[in-house]
Number of protein chains: 2
Amino acid sequence: MPQRVHLALIGLGHVGQAFLELLIAKRDVLRTRYGLEFVLTAAADTSGAALDARGLDASLLLARKRAGQGAGTYPEVGRPGKSALATTREAVADILLEASLTNLKDGEPGLSCIRAALARGMSVVTANKGPLVHAYSELTALAREEGAGVAFSAAVCGALPTINIGQRDLVACTVERVEGIFNSTTHYILTAMAEGRDYAAALREAQAEGVAEADPTLDVEGWDAANKLVILANSVLGVPARLSDVAVEGITRLTPDDFARARAEGKVIKLLCTAEREGTGYRLSVRPTPLGREHPLAALRGWQMGIVYYTDIMGIQFAAVDERGPLPTAAAMLRDVVNLATTR
Amino acid sequence: MPQRVHLALIGLGHVGQAFLELLIAKRDVLRTRYGLEFVLTAAADTSGAALDARGLDASLLLARKRAGQGAGTYPEVGRPGKSALATTREAVADILLEASLTNLKDGEPGLSCIRAALARGMSVVTANKGPLVHAYSELTALAREEGAGVAFSAAVCGALPTINIGQRDLVACTVERVEGIFNSTTHYILTAMAEGRDYAAALREAQAEGVAEADPTLDVEGWDAANKLVILANSVLGVPARLSDVAVEGITRLTPDDFARARAEGKVIKLLCTAEREGTGYRLSVRPTPLGREHPLAALRGWQMGIVYYTDIMGIQFAAVDERGPLPTAAAMLRDVVNLATTR
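I will try to describe carefully the structure that is included in this document. (Residues numbered from 1 in each chain as written. Chains lettered and ligands numbered in written order. Predicted model: local features only at pLDDT ≥ 70, side-chain atom pairs only at ≥ 80, totals over all residues. Heavy atoms only, no water.)

## A word on the overall build of chain A
Part 1 of the reasoning: Along the backbone of chain A there are 13 helices and 13 strands.
Part 2 of the reasoning: Over its C-alpha trace chain A gives a radius of gyration of 21 Å, about what one expects of a compact globule, namely 20 Å for 344 residues.
Part 3 of the reasoning: Sorting the 344 residues of chain A into buried and exposed places 62% on the buried side.
Part 4 of the reasoning: Taking as baseline every contact in chain A between residues at least 6 positions apart, the subset at least 24 positions apart corresponds to 71%.
Part 5 of the reasoning: With an accessible surface of roughly 13500 Å², chain A has 49% of that area assigned to carbon and sulfur atoms.
Part 6 of the reasoning: Positive and negative side-chain charges of chain A, numbering 36 and 39 respectively, have mean locations separated by a distance of 3 Å. (Helix = DSSP H or I, 4+ residues; strand = E, 2+ residues; numbered from the N terminus. Rg over C-alpha atoms; globule rule 2.2 N^0.38 Å. Buried < 20%, exposed > 50% of the residue type's maximum accessible area, 1.4 Å probe, protein only. Contact = heavy atoms within 4.5 Å. Areas by Shrake-Rupley, 256 points an atom, 1.4 Å probe, with all protein chains shown as cover. Lys, Arg positive; Asp, Glu negative; His and termini not counted. Charge placed at Lys NZ, Arg CZ, Asp CG, Glu CD.)

## Some remarks on the environment of Ala172 of chain A
Part 1 of the reasoning: Along the chain, Ala172 of chain A turns up in the loop between α7 (162–169) and β8 (175–181).
Part 2 of the reasoning: Sequence separation between Ala172 of chain A and Arg293 of chain A is 121 residues; the distance between their C-alpha atoms is 31 Å.

## Topic: α7 of chain A
Part 1 of the reasoning: Counting buried residues in α7 of chain A gives seven out of eight residues, a clear majority hidden from the surface.
Part 2 of the reasoning: Of the positions making up α7 of chain A, those classed as buried are Thr162, Ile163, Asn164, Ile165, Gly166, Arg168 and Asp169 of chain A.
Part 3 of the reasoning: On its buried side, α7 of chain A packs onto α11 (223–235), β12 (305–311), β13 (316–322) and α13 (327–343) of chain A together with α7 (162–169) and α13 (327–343) of chain B.

## Re the sheet that holds β12 of chain A
Part 1 of the reasoning: Spatial strand order, β9(A)-β11(A)-β10(A)-β8(A)-β12(A)-β13(A)-β13(B)-β12(B)-β8(B)-β10(B)-β11(B)-β9(B): 12 strands in an open sheet with mixed pairing. Two strands bound the open sheet, and with one partner strand each, they are β9 (246–248) of chain A together with β9 (246–248) of chain B. Across the sheet, the axes of successive neighbouring strands diverge by a mean angle of 20°, strand direction being ignored.
Part 2 of the reasoning: Where strand β8 (residues 175–181) of chain B and strand β12 (residues 305–311) of chain B come together, six bridges link them in antiparallel fashion. Within β12 of chain B, the position partnered with Ile181 of chain B by the bridge is Gly306 of chain B. (Pairing = 2+ DSSP bridges. Axes fitted to C-alpha atoms, helices over the stretch in contact; angles between N-to-C directions.)

## Quick notes on the packing of helix α1 (residues 14–25) of chain A against α13 of chain A
Residue and element names in this part refer to chain A.
Part 1 of the reasoning: Here α1 crosses α13 at 60°, and the two axes come no closer than 8 Å. By the angle between their directions, the pair α1 and α13 is classed as oblique. For the pair α1 and α13, the crossing hand works out as right-handed. Across the interface between the two elements, Val15, Ala18, Phe19, Glu21 and Leu22 of α1 pack against Leu327, Thr329, Ala330, Ala331, Met333, Leu334 and Val337 of α13.
Part 2 of the reasoning: In the contact of α1 with α13, the residues fall into 10 nonpolar, one polar and one charged. (Parallel < 35°, antiparallel > 145°, perpendicular 65-115°, else oblique. Left-handed = near helix turned anticlockwise from the far one by under 90°. Nonpolar A, V, L, I, M, F, W, Y, C, P; charged D, E, K, R; others polar.)

## Notes on the pairing of strand β1 (residues 3–10) of chain B
Part 1 of the reasoning: Where β1 of chain B and strand β2 (residues 36–45) of chain B come together, eight bridges link them in parallel fashion. The partner of Val5 of chain B across the bridge, within β2 of chain B, is Phe38 of chain B.

## Quick look at the sheet that holds strand β4 (residues 78–80) of chain B
All names here are of chain B.
Part 1 of the reasoning: Spatial strand order, β4-β3-β2-β1-β5-β6-β7: seven strands in an open sheet with mixed pairing. Looking along the sheet, the strands with just one partner apiece sit at the ends: β4 and β7 (150–151).
Part 2 of the reasoning: When strand β3 (residues 48–51) meets β4, the two strands line up antiparallel, connected through three bridges. Of the residues in β4, the one forming a bridge with Ala50 is Gly78.
Part 3 of the reasoning: Across the sheet, helix α1 (residues 14–25) is in contact with β1, β2 and β5 (95–98); its angle to β1 comes to roughly 160°.
Part 4 of the reasoning: In the packing of α13 onto the sheet, the strands contacted are β1, β2, β5, β6 (123–126) and β7, and the crossing angle to β6 comes to about 160°.

## Details of the environment of Ala226 of chain B
Residues and elements named next belong to chain B.
Part 1 of the reasoning: Positionally, Ala226 belongs in helix α11 (residues 223–235).
Part 2 of the reasoning: Along the sequence, Ala226 and Ser285 sit 59 residues apart, while their C-alpha atoms lie 7.5 Å from each other.
Part 3 of the reasoning: Contact partners of Ala226, with chain neighbours within four places excluded, come to Leu243, Val246, Val248 and Val286.

## Considerations on the side chain of Asp52 of chain A
Residues and elements named next belong to chain A.
Part 1 of the reasoning: Mapping Asp52 onto the fold places it in the loop between β3 (48–51) and α3 (58–66).
Part 2 of the reasoning: A distance of 2.9 Å separates the side chain of Asp52 from the backbone nitrogen of Arg54, its partner in a polar contact.
Part 3 of the reasoning: When neighbours within four sequence positions are excluded, Asp52 is seen to be in contact with Leu40, Thr41 and Val77. (Polar contact = N/O pair within 3.5 Å; in protein donor to acceptor, adjacent residues only side chain to side chain.)

## So, the relation of the copies chain A and chain B
Turning one copy of the chain about an axis and sliding it along that axis gives the other copy, so a rotation and a shift relate them.
Part 1 of the reasoning: Of the transformation placing chain A onto chain B, the axial shift is 0.0 Å and the rotation is 180°, giving an RMSD of 0.0 Å. Such values leave the two copies arranged in the relation of a two-fold axis. Of every C-alpha in chain A, the one belonging to Ala319 of chain A sits nearest the axis of rotation, 2.1 Å from it.
Part 2 of the reasoning: Taken together, the interface assignments show that 100% of the residues at the interface of chain A recur at the interface of chain B, consistent with an identical surface on both copies. (Least-squares fit on C-alpha atoms with pLDDT ≥ 70 in both.)

## A few points about the interface of chain A and chain B
Part 1 of the reasoning: Taken together, the contact pairs 39 residues of chain A with 39 residues of chain B.
Part 2 of the reasoning: The contact between chain A and chain B buries some 2900 Å² in all, and 55% of this surface belongs to carbon and sulfur atoms.
Part 3 of the reasoning: Where chain A meets chain B, there are five salt bridges.
Part 4 of the reasoning: Between Asp169 of chain B and Arg168 of chain A there is a salt bridge, with the nearest N and O atoms lying 2.9 Å from each other.
Part 5 of the reasoning: Summed over the shared surface of chain A and chain B, the number is 22 residue pairs in polar contact (both at pLDDT 80 or more).
Part 6 of the reasoning: Those elements that provide at least two residues to the side of chain A that touches chain B are α2 (27–34), α7, β13 and α13 of chain A.
Part 7 of the reasoning: For the side of chain A that touches chain B, the per-class residue count stands at 25 nonpolar, six polar and eight charged. (Buried area = accessible area lost by both parts, 1.4 Å probe. Salt bridge = Lys/Arg side-chain N within 4 Å of Asp/Glu carboxyl O.)

Keep in mind these values describe shape, not function.
Here it is in structure tokens:
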């Protein structure tokens, strides 16, 4: 008999819908390989929510979302206008999946939902950076108190296990330095600029490809990367870093001359996230950095992201991913769900 | 109060001694970061064993080993001539650490020790490929029956988390293909050959550097890499592969002409381990393979090892390590011990 795990899903955008796709496509694998059967008992989007302790039909919900119909209009159990927070408080679920849009200003509404879920003893899986950046220590302490789990391997580079390698593999290590390429939008633009386009043309190309948003500020000014670095600093490096602790410089002022100079030196410019050990803490920065060709991150291009951990007892560890679209991020949430369900 | 975990260590060669070093050097980190205190209650080498349920002095044991004195001569509790198997049967321990020399013929004496430990309900951490290659299914089934854990993240590329990424990160993935550079001896030799040396000169250089053994057969004929591939196939890909299922070709017949031809095509020759999905299983091979410069493994050199997982829902995942000597392998054993102690 498979173990039945009840899920509540907040946010039905690209990532939330991709998660529903995975629940459907991977049903057999989840049962045979992990002995798990997932029951979706609640789902919420900006239109409202649907709640049914016996289980919603993920296929139906997905088909309706794709036809432009919100969760609130789900047959019989739809609750138009019901908020994500009210849904979290009412859901009959073991795990809350938080996939609402990242709000870097105050982390809401995700933050309140996560607090409410943990306070009810529900474990939480989130792909949302906002709540973690604003309240990492509070949320992990609350989870410990309640005996619940909080997992967020999807929040820092999607399916790339940046956090998992740091937390589970680099056991007992002193991490001397971390370097990462954490933002694929800027990486795509920098790759195009290295091939000769200027910033404006490279940005237009990235927007046409769907890798940059219409308002690309958070990406190109370095804030998305800085937020991921803050989460990594808290969860892997064990320092209570905040966004204001990161020296952030974006890519908007880079010129073709900068790239020509780097090329002449045999280097390539990356928007590098760096954590460097200093005293009892780490100095954190995000800034355009020329890397020599022999640097492990220098060979990455376009959509790829990567991380390098420099350790005392496990050598230099490098990990990278080539992934596109929301599916790998949803897959990382599924990974967290399975790991929570099988190890707790 | 830290959780006290009792350990029995079989094998006091380079890896076993490095593990003792880590127990000493990381004592405070293990206590503060993981809440664990390790007590070494038994240690065995080819000279005999030392057993003390109150705990052996790791520093003293290490100092004596370095002075050429075996475990059997340890003051008061030394038992000259006592076998590893008898030690395993008698040890008062939660976890057996198996770090004896890899014997690829029949996996002994490690295999019998692991069987004996699991049968007593002890969990096992091993860096030894032999027992896993010979009896993977038997040992994991026995562990399940006894409610014990078996961890071996050190057995496939030391500190590089090849197995952990496959088992814990690529959750619910279909792995279409795996490619790896799993043997640093041959990688070092191939790097030297790519720079112009012939096989004999490159081998001599590797032996002088201590990266190749006096009898390098297991490495240069591809068997060490093939054994690691078999362990990965069993533990990550879920297929009951045996060594005879792997098409193995070593590097001894490569000539400077092969390297010149590869270079002319913009390629670099690596001893590539490959698992390619085919029907319900995987086709396994180890053979010298020219890789284009854009291949993620092409940039690795010398001591480095790496792996690429091609997945359906998590993109292409790449991980590599730059590590030397026995310390990272011992650190990987410590990682397994901590993960077993904190998640079980």
